[in-house]
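# Architecture at a glance
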Amino acid sequence: MTYKRKRAENDVASRSTITKRSRQTESLDLLSPLPNELLIRILTFLPLPDLLNTAPISRRFYGLFGDSQIWKRLYYSRFVLPRALRIPGFRNGFAREGKLHYSSRKAVWADGRRGGWVDMHVGNLEDRSRDWKKQYKLRHNWSKGKCAVEELQIGKELLTPDTNSPYKMLVKISEGIAITADITTGLRAWDLKTKYLLAQITLDHANSRAVPSCIAIDDQSIQDHILEIAIGFSDGSFGVWKLDSQQRVILRRYVHEKSTNGELVGVAYSYPYLLTATKSVLISLYTFDGPPKIDTPETHESDSETARDSGSETIQDTEDQQALRNSKSKIRNSESVALQAPYLLTSLKSHTSRAPLALSIRKTAVSTVASIAYTFSTLQGWSLGIQDLHLRPSMSRSKSTPDITATRLAYSLPVRSSPTHIPSPPTSPARHMNFSSSQDEELDGPINLCYTHPYLLATLPDNTLILYLCTSNVTSLSISPGIRLWGHTSGISDAEITARGKAVSVSCRGEEIRVWELEGKVHGKSIEVRPTAKSIADDAKEVGNTSPSHIAAEWDDRRNWVGFDDEMVIVLKESRGRESLMVYDFT
């Protein structure tokens, strides 16, 4: 048997001093030494799927993943650049050195700038503070119809609900604030994010119980937390109120006396101009910058809800009135809140036009345009017409009222009526009770109009919509042929559209809500809103609620109105005489 030779002691000591060569198992980390600015620059070139994969790498990459500069480029490449390519006059429609070049002033970018170029990397302080990841997620949810839904109870449950009452609650939305008006609860403002009531005021005036019939909002001073609200009433009167959301107060600015011309069915307001329409299609255009009038006792009527100049007070003040006036003087910053009586600029009467009507007032670079969209019957069916009134300040020193410099008219091609179709269930009378008194007349033509230049959207009783594009310039006004929009499976209750071409429509029965992106498209495709409600899990537990009677009760719920802003869609729901707001949040 052979034995191994033992090592010498000096040999063992020499080998112990020799270090083993380490095996190279990991690659060199070339990214960690780089500064964050350079890494962000590299990440901006990654597509969205690869960018999402970098977030779980480490805490450092997760922090870089949410940088606004990365999401700003993604936002522009997905949502802004395709829109800019459709603008006439767009030059070099691609990103080059972080800039988008174009020549048209019609485009409004996400950071609020108009025209010129947009730098992807350098912006002002307001642009740097903008959360572009949140903006991207918001637009992505809109494109997919993903949102969360909550119900905001705004009406009291009636013991004997009057479902046949022609007057319902009026709602408007602007920048996360919902304005509601009805004869019972008055004028109220709601914060849709916190679901709390901001302010409230009654609508009683001159011992009259007139019912609100139409509403409009002027958001020119929304940056200062100010909203102007105009409301028309069933007795022909109208009024203007001011909401200060920061001070949580609503002040009455002016209330016009009732008129013998009849109920108001439409109103548009953009200070200083106010446009009204009666049930008999009498159009009146007012301005609050008219010639000054001598104050009358009726003008300075004693009312604790109206703010007035302290110099015009003739009634002896009590301590409560003095405290109230001092608090209101802080709100208006030493300016008068009350408006003088408006001056009637012009009045238009049509014997061939009929409802539905749509009024709007928009401001251009050189003038203010008041528009009236209306319906009229033809031998082949019905058509839509638009009349524009161009207003400019008077050039004469002796005349203080503005001048109507031009009037333009345009008509759409006749739409042939289809008497063979079966109409959908009638919509709520809240918006359409004034449209027609005859069933045959109601089926002949649209049931609702929405005009926000340059888009005119008509709602038809056959579950479809028709979109018209209005082209207006200094010398002409024209309406393009209509585009039929299909997608709803039940009767459409209401539809709204913005100047950017985004529209939202809601069915009067059920939960069908559709979002339309119509800008620059010759065909209309919609996305159905699929809300995520907490009631879905509850429905799985409550098996007894799936009875036919429960389903029938849900089918009886009406959707009377729809409105939306950049983050939310608001639907006015009526269930057994009780009204509530369904808030669809896309954030």
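Residues numbered from 1 in each chain as written. Predicted model: local features only at pLDDT ≥ 70, side-chain atom pairs only at ≥ 80, totals over all residues. Heavy atoms only, no water.

We now examine the packing of helix H5 (residues 68–84) against helix H7 (residues 132–144). Two elements in contact, H5 and H7, have axes separated by 8 Å at closest approach and are oriented at 30°. As H5 packs across H7, the resulting crossing turns out to be left-handed. For the pair H5 and H7, the contacting residues are Ser-68, Trp-71, Lys-72, Leu-74, Tyr-75, Tyr-76, Arg-78 and Phe-79 in the first and Trp-132, Lys-133, Gln-135, Tyr-136, Arg-139, His-140 and Ser-143 in the second. Its residues assigned to classes, the contact of H5 with H7 shows seven nonpolar, four polar and four charged. (Axes fitted to C-alpha atoms, helices over the stretch in contact; angles between N-to-C directions. Helix = DSSP H or I, 4+ residues; strand = E, 2+ residues; numbered from the N terminus. Left-handed = near helix turned anticlockwise from the far one by under 90°. Contact = heavy atoms within 4.5 Å. Nonpolar A, V, L, I, M, F, W, Y, C, P; charged D, E, K, R; others polar.)

This part covers the pairing of strand S14 (residues 282–287). In terms of burial, S14 is largely enclosed, as six of its six residues are buried. Taking every second residue as pointing to the same face, both faces of S14 are buried, with Leu-282, Ser-284 and Tyr-286 on one and Ile-283, Leu-285 and Thr-287 on the other. In this structure, strand S13 (residues 273–278) lies alongside S14, joined through five bridges in antiparallel fashion. Following the sheet pairing, Leu-274 is matched in S14 by Tyr-286. What sits between S13 and S14 in their antiparallel hairpin is a turn of three residues, with Val-281 showing a positive phi close to 60°. (Buried < 20%, exposed > 50% of the residue type's maximum accessible area, 1.4 Å probe, protein only. Pairing = 2+ DSSP bridges.)

A separate point is the confidence of the model for the chain. Of all residues in the chain, 67% attain a pLDDT of 70 or more, and the chain-wide mean is 75. Note on residues 296–335: pLDDT under 50 across the span, and 37 contacts to partners over four residues away in sequence or across chains. Segment residues 534–553: pLDDT under 50, and four contacts once partners within four positions in sequence are set aside and those in other chains are kept. (pLDDT = per-residue confidence, 0-100.)

The next point concerns the packing of aromatic side chains. Per the stated rule, a full pass over the model turns up 17 aromatic pairs. Centre to centre, the rings of Phe-238 and Tyr-254 are 6.4 Å apart; their planes meet at 50°, and the pair counts as tilted. Placement of the pair is Phe-238 in strand S10 (residues 238–244) and Tyr-254 in strand S11 (residues 249–255), with a sequence separation of 16 residues. The residues Phe-238 and Tyr-254 share a single accessibility class, namely buried. Among the aromatic residues, those joined into a ring-pair cluster are Tyr-62, Phe-65, Trp-71, Tyr-75, Tyr-76, Phe-79, Trp-132 and Tyr-136. Directly above the aromatic system of Trp-142 lies the positively charged group of Lys-502, at a separation of 3.9 Å from the ring centroid. (Phe/Tyr/Trp six-rings, centres within 6.5 Å; stacked < 30°, edge-to-face > 60°. Lys NZ or Arg CZ within 6 Å of the ring centre and 35° of its normal.)

Two side chains of opposite charge can pair, provided their charged atoms sit close to one another. Per the stated rule, a full pass over the model turns up eight salt bridges. The partner of Glu-567 in a salt bridge is Lys-193, with the nearest N and O atoms 3.8 Å apart. Pair noted here: Glu-567 is in the loop between strand S30 (558–564) and strand S31 (568–575) and Lys-193 is in the loop between strand S6 (186–191) and strand S7 (196–201), with a separation of 374 residues, a long-range link. A residue is classified by how much of its surface remains accessible, and Lys-193, at 56% relative accessible area, is exposed. Between Glu-528 and Arg-514 there is a salt bridge, with its nearest N and O atoms 3.9 Å apart. In this pair, Glu-528 is assigned in strand S28 (residues 526–528) and Arg-514 in strand S27 (residues 513–517), connecting sequence segments 14 residues apart. Residue class for Glu-528 comes out partly exposed when judged on its relative accessible area of 30%. By relative accessible area, which is 12% here, Arg-514 ends up buried. (Salt bridge = Lys/Arg side-chain N within 4 Å of Asp/Glu carboxyl O.)

In this section: the nonpolar core. Membership of the largest hydrophobic core comes to 21 residues, with the highest contact counts inside it found for Ile-179, Leu-187, Ile-229, Ile-231, Trp-241, Leu-243 and Ile-250. Among the elements of the structure, strand S5 (177–182), S6, S7, strand S8 (212–218), strand S9 (226–233) and S10 are those that each provide at least two residues to this core. The greatest single-element share of this core, amounting to four residues, is contributed by S9. (Core = buried A, V, L, I, M, F, W, Y, C linked by side-chain atoms within 4.5 Å.)

Looking now at unusual backbone geometry. Across the junction of Tyr-271 and Pro-272, the peptide omega takes the value 10°, indicating a cis bond. Structurally, Pro-272 is set in the loop between strand S12 (264–270) and S13. The linkage connecting His-453 with the following residue, Pro-454, adopts the cis geometry, with an omega of 10°. Even without being a glycine, Arg-248 presents a positive backbone phi close to 60°.

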